[in-house]
Amino acid sequence: MAKQDKRTGKRKTGSTKTASTKEKSKKKNAAGGASSNGQRPGTVTTVDFWFDPTCPWAWMASRWMLEVEKLRPVKTVFHVMSLSVLHSGRDLDPSHQRSMDLRWAPARVALAVEEHYGQEQLSAFYTALGTRLFPGDEELGRSVLEGALSDVGLPPELADAGDTGDNDDALRASHHAGMEPVGLDVGTSVIHVNGIAFFGPVFTPAPKGEDAATVFDGVLKIASYPHFYELRRTRTLGPIFS
């Protein structure tokens, strides 16, 4: 029921108060309400992503995360791990050992990029190198490292780091920072987010668009359960980079 203003004699309808209350409610929801995936609007979640530059499965998972960034408030921060470090000291058959020997150089160079030029350049270099190795099907070796460095405006001679091993202690430290929370019986990629860590996921091909975001929400939910360990099925397809 409308009330009369004693000073003016006019009746108050209460509509101004209602509109004001609604406006405050909207502002409150915008500032503090949670989104459908549990994140508060305006906040950005950091996803720390450990990769070996030569792993096609890590490459596809990394492209998935960059797709997720378009639809969810997340920022992917890349870090270097190494399958060569992971398998160091293990009794491998000769062909597997040769493969591990070849993988040292790309990991060393990737870490050197981060050490000298920062995280954003590491991300750019990873994209350039992975594009050459995987969709481009270039052979792993010094020339592909130099080409990827040149692609992102970095000096090709940085590829020297792949031969010297001067940063191997730092490479092992970066590797173990990523791997220790998930254990050493998994490979790459490894993701840390919101205090949880997990291996994978493994895709072929990687999801895109809304599918990528939906998968991210689901992975986060299941990995958040502290007693969840494994969900797996036999992979019937090889790497699909399209």
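Residues numbered from 1 in each chain as written. Predicted model: local features only at pLDDT ≥ 70, side-chain atom pairs only at ≥ 80, totals over all residues. Heavy atoms only, no water.

**Overview of the nonpolar core**
If you look at soluble globular proteins, the nonpolar side chains tend to sit buried side by side. Within the largest apolar cluster, 59 residues are counted, with the highest numbers of intra-cluster contacts made by Trp-64, Met-65 and Phe-125. Considering every element that reaches this core, the biggest residue donor is helix α4 (residues 94–117), with nine residues. Every residue in contact with Phe-125, bar those within four places of it in the chain, is listed here: Val-109, Ala-110, Val-113, Leu-145, Ala-148, Leu-149 and Val-152. (Core = buried A, V, L, I, M, F, W, Y, C linked by side-chain atoms within 4.5 Å. Buried < 20%, exposed > 50% of the residue type's maximum accessible area, 1.4 Å probe, protein only. Helix = DSSP H or I, 4+ residues; strand = E, 2+ residues; numbered from the N terminus. Contact = heavy atoms within 4.5 Å.)

**A few points about the sheet that holds strand β6 (residues 196–199)**
Strand pairing in a sheet is mediated by backbone hydrogen bonds. Such pairs are either parallel or antiparallel. Ordered by their spatial adjacency, four strands build an open sheet running β4-β3-β5-β6, and the pairing between neighbours is mixed. One side of each edge strand has no neighbouring strand; the edge strands of this open sheet are β4 (74–80) and β6. With direction set aside, neighbouring strand axes in the sheet form an average angle of 20°. By the bridge criterion, four bridges tie strand β5 (residues 190–193) to β6 in an arrangement that is antiparallel. Residue pairing in the sheet places Ile-191 in a bridge with Phe-198 of β6. Of the strands in this sheet, β3 (45–51) and β4 are in contact with helix α5 (residues 119–133), which crosses β4 at around 80°. (Pairing = 2+ DSSP bridges. Axes fitted to C-alpha atoms, helices over the stretch in contact; angles between N-to-C directions.)

**Focus: the pattern of salt bridges**
Inspection of the entire model under this criterion finds ten salt bridges. Across the pair Asp-151 and Arg-132 runs a salt bridge, and its minimum N-O distance is 2.7 Å. Taken together, the positions of Asp-151 in helix α6 (residues 142–151) and Arg-132 in helix α5 put the pair 19 residues apart, joining distant regions of the chain. A network of salt bridges, in which partner residues are shared, links Arg-142, Glu-146, Asp-160 and Asp-163. (Salt bridge = Lys/Arg side-chain N within 4 Å of Asp/Glu carboxyl O.)

**Focus: α6**
Buried within α6 we find Val-144, Leu-145, Gly-147, Ala-148 and Leu-149. If you follow the buried residues of α6, they end up packed against α4 and α5. Looking one or two residues past α6, Gly-153 carries a phi angle of roughly 75°, positive in sign.

**Some words on the packing of α4 against α5**
α5 packs onto α4 with a crossing angle of 150° between their chain directions and a minimal axis gap of 7 Å. Taken together, α4 and α5 sit at an angle that is classed as roughly antiparallel. Every pair of crossing elements has a handedness; the one defined by α4 and α5 is right-handed. Here α4 contributes Pro-106, Val-109, Ala-110, Val-113, Glu-114 and Tyr-117 to the contact with α5, which in turn contributes Gln-119, Gln-121, Leu-122, Phe-125 and Leu-129. (Parallel < 35°, antiparallel > 145°, perpendicular 65-115°, else oblique. Left-handed = near helix turned anticlockwise from the far one by under 90°.)

**Here we look at the packing of aromatic side chains**
Overall, the coordinates contain nine aromatic pairs when judged by the stated rule. Seen from their ring centres, Phe-51 and Phe-78 are 5.9 Å apart, and the 90° between their planes marks the pair as edge-to-face. Residue Phe-51 is found in strand β3, and its partner Phe-78 is found in strand β4; the two are separated by 27 residues along the sequence. Take Phe-51: its relative accessible area is 1%, and that puts it in the buried class. One aromatic cluster is present, built from ring pairs that chain together Phe-49, Phe-51, Trp-59, Phe-78, Tyr-126, Phe-134 and Phe-241. Lying over the aromatic face of Trp-59, Arg-63 brings its terminal NZ or CZ to 4.0 Å of the ring centre. Over the face of the ring belonging to Tyr-126 we find Arg-63, whose NZ or CZ atom lies 5.5 Å from the ring centre. (Phe/Tyr/Trp six-rings, centres within 6.5 Å; stacked < 30°, edge-to-face > 60°. Lys NZ or Arg CZ within 6 Å of the ring centre and 35° of its normal.)

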